[in-house]
Amino acid sequence: MSPIRRVAIIGCGGSGKTTIGRRLAASLGTTITHLDAVYYDDEWNKLPQDRFAAIQEDLVAAESWVIDGNYAGTLPIRLRRATHVVFLDLPAITCLWGIAQRRWRYRGGQHSDGVYDTINWGFIKYVWDYRKEMAPRVRALLDEHAGDAEVFIVRSRREATRLTAELERTTR
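Residues numbered from 1 in each chain as written. Predicted model: local features only at pLDDT ≥ 70, side-chain atom pairs only at ≥ 80, totals over all residues. Heavy atoms only, no water.

Caption draft 1: View of the environment of Pro91. Mapped onto the fold, Pro91 is located in the loop between strand S4 (84-88) and helix H5 (92-106). Once residues within four sequence positions are removed from consideration, Pro91 is found in contact with Arg131 and Arg155. (Helix = DSSP H or I, 4+ residues; strand = E, 2+ residues; numbered from the N terminus. Contact = heavy atoms within 4.5 Å.)

Caption draft 2: Examining the sheet that holds strand S2 (residues 32-34) more closely. Read from one edge to the other, the open sheet built from five strands follows the order S2-S3-S1-S4-S7, with strand pairing classed as parallel. Looking at the sheet topology across the chains shown, the edges are occupied by S2 and strand S7 (150-154). For this sheet, the mean inter-axis angle between neighbouring strands, taken without regard to orientation, is 15°. Sheet strands touched by helix H8 (residues 157-171): S4 and S7. Its angle to S7, the strand with the most contacts, is close to 150°. (Pairing = 2+ DSSP bridges. Axes fitted to C-alpha atoms, helices over the stretch in contact; angles between N-to-C directions.)

Caption draft 3: Layout of unusual backbone geometry. Positive phi, close to 40°, is recorded for Tyr71, a residue that is not glycine. What makes Tyr71 buried here is its relative accessible area of 18%. (Buried < 20%, exposed > 50% of the residue type's maximum accessible area, 1.4 Å probe, protein only.)

Caption draft 4: Up close: the side chain of Asn70. With respect to the element layout, Asn70 can be found in the loop between strand S3 (65-68) and helix H4 (75-81). Exposure remark for Asn70: the relative accessible area of 8% places this residue in the buried category. A distance of 3.0 Å separates the side chain of Asn70 from the side chain of Tyr126, its partner in a polar contact. Sequence-distant contacts of Asn70, defined by excluding residues within four places in its chain, comprise Ile10, Gly11, Leu75, Arg78, Tyr126, Tyr130, Met134 and Val138. (Polar contact = N/O pair within 3.5 Å; in protein donor to acceptor, adjacent residues only side chain to side chain.)

Caption draft 5: Here's a closer look at the pattern of salt bridges. Following the criterion strictly, the structure yields eight salt bridges and no others. When the shortest N-O distance is used, the salt bridge between Arg23 and Glu168 registers 2.6 Å. Note that Arg23 is positioned in helix H1 (residues 17-28) and Glu168 in helix H8, a separation of 145 residues in sequence. Since its relative accessible area comes to 33%, Arg23 is described here as partly exposed. On the accessibility criterion, Glu168 (11% relative accessible area) is buried. Between Asp129 and Lys125 there is a salt bridge; the shortest N-O distance is 2.5 Å. Within this pair, Asp129 and its partner Lys125 are both found in helix H6 (residues 121-133), separated by four residues, close to a single helical turn. Via salt bridges that share partners, Asp89, Arg131, Arg139 and Arg155 belong to a single interconnected network. (Salt bridge = Lys/Arg side-chain N within 4 Å of Asp/Glu carboxyl O.)

Listed below in structure tokens is the structure:
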């Protein structure tokens, strides 16, 4: 495995991006950026797309980083600089369960990492349809923009746990 320096973590809401990202960032001794916390403010207002892209260009210029978030429109920015990509392609029911657990843990509102927890039917539908509608787009972007990055497509929580432990071991 090549040296791990810059990790893009992609996946549906509730797939475990933040959990894996925190572990890998700690292992690498770098920061983690949660794109939801960059894109949305406390009232869930969106950042203009050009500003969101410019911030990501600045983030990926660093020598070491972990960035979690889907955002297919700006995914090529992260993929071009990533040394490793983790795509959490988990079943919808697993992601919905992850969202329910997160909701219970944080009781809604803003999380400690700056992400504001909002759940509505549109979001639930997005999660339910992710593998059918979004995952093919993500795979195409990976094929087109990931270059020499090592890409890991993860399809279960167990596989995610094993991969995270393996990546952590390689950073020591």
